[in-house]
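# Analysis of the macromolecular model
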Amino acid sequence: MNKPDNLMLFGLRGDDSKAAAHRLEALFGISMTRTSRNAYFWYGEQGEEISVEYNEDEDEDGKYFLRPGFPEFPLIVEVADVADQDAYERTITEDPQLKATRLTRSAARKAR
């Protein structure tokens, strides 16, 4: 069976990446790992991925700045290579605690 090749991005208006990660863990029954700069990642056995990161990039001087694409969202949740995009999207966007907004959805990651 081929691994799904898809990507969704969601914006969160809150700025607590740890709280967002804990909520995603509760919704999906997963355990996310904290990395540098308080980003959280989960990689599933089937190659699926979920991450929550601050909506920022680093310039050549090592200073961080808000990405211009979605400046109203301090946090971005990325969901990639999941078998059922609809189910993941519903779970994330309908959760009253996350209050997520879908930003992009691609059936093929090559499109990003």
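These notes cover the structure that comes with them. (Residues numbered from 1 in each chain as written. Predicted model: local features only at pLDDT ≥ 70, side-chain atom pairs only at ≥ 80, totals over all residues. Heavy atoms only, no water.)

### Concerning the pattern of salt bridges
Taken as a whole and judged by the stated rule, the model has four salt bridges. With a closest N to O distance of 2.6 Å, Arg23 and Asp95 form a salt bridge. Pair noted here: Arg23 is in helix H1 (residues 17-28) and Asp95 is in the loop between helix H2 (85-93) and strand E8 (101-106), with a separation of 72 residues, a long-range link. One salt bridge in this structure joins Glu89 and Arg102, with 3.0 Å as the shortest N-O distance. (Salt bridge = Lys/Arg side-chain N within 4 Å of Asp/Glu carboxyl O. Helix = DSSP H or I, 4+ residues; strand = E, 2+ residues; numbered from the N terminus.)

### What to know about the pairing of strand E7 (residues 75-80)
Each regular strand shows side chains that alternate between the opposite faces of the sheet. The buried count for E7 comes to six of six residues, which makes it a mostly enclosed element. Alternating residues of E7 divide into Leu75, Val77 and Val79 and Ile76, Glu78 and Ala80, and every residue in both groups is buried. Relative to E7, strand E1 (residues 7-12) runs antiparallel, the two being bridged by six bridges. Its bridge partner being in E7, Met8 is matched across the sheet by Val79. Sheet analysis places strand E4 (residues 49-54) next to E7, joined by six bridges and oriented antiparallel. Paired with Glu53 across the strands is Ile76, a residue of E7. (Buried < 20%, exposed > 50% of the residue type's maximum accessible area, 1.4 Å probe, protein only. Pairing = 2+ DSSP bridges.)

### Looking at the nonpolar core
Within soluble globular proteins, side chains that are nonpolar generally end up buried alongside one another. If you look at the biggest cluster of nonpolar residues, it comprises 20 residues, and the most contacted ones within it are Met32, Ile50, Val52, Val77 and Val79. In contact with Val79, not counting residues within four places along its chain, are Asn6, Leu7, Met8, Phe10, Glu49, Ile50, Tyr88 and Ile92. (Core = buried A, V, L, I, M, F, W, Y, C linked by side-chain atoms within 4.5 Å. Contact = heavy atoms within 4.5 Å.)

### Things to note about H1
Between its terminal C-alpha atoms H1 stretches 16 Å, which fits the 16 Å expected from 12 residues at 1.5 Å a residue. Among the residues making up H1, those that are buried are Ser17, Ala20, Ala21, Leu24 and Glu25. Down the axis of H1, the buried side of the element spans an arc of 140°, and every buried residue falls inside it. Contacts from the buried residues of H1 go to E1, strand E3 (40-43), E4, E7 and H2. Phi for Gly29, located one or two positions after H1, is positive at around 65°. (Expected span 1.5 Å × (residues − 1). Arc of directions from axis to C-beta.)

### Let's talk about the sheet that holds E4
One open sheet holds the six strands; their spatial order is E2-E3-E4-E7-E1-E8, and the pairing between them is antiparallel. If you trace the sheet from one side to the other, it starts and ends with strand E2 (33-34) and E8, each paired once. Pairing analysis gives two bridges linking E2 to E3, with the strands arranged antiparallel. Looking across to E3, one finds that Thr33 is bridged to Phe41. Sitting on the sheet, H2 touches E1, E4, E7 and E8, and the angle it makes with E1 is about 5°. (Axes fitted to C-alpha atoms, helices over the stretch in contact; angles between N-to-C directions.)

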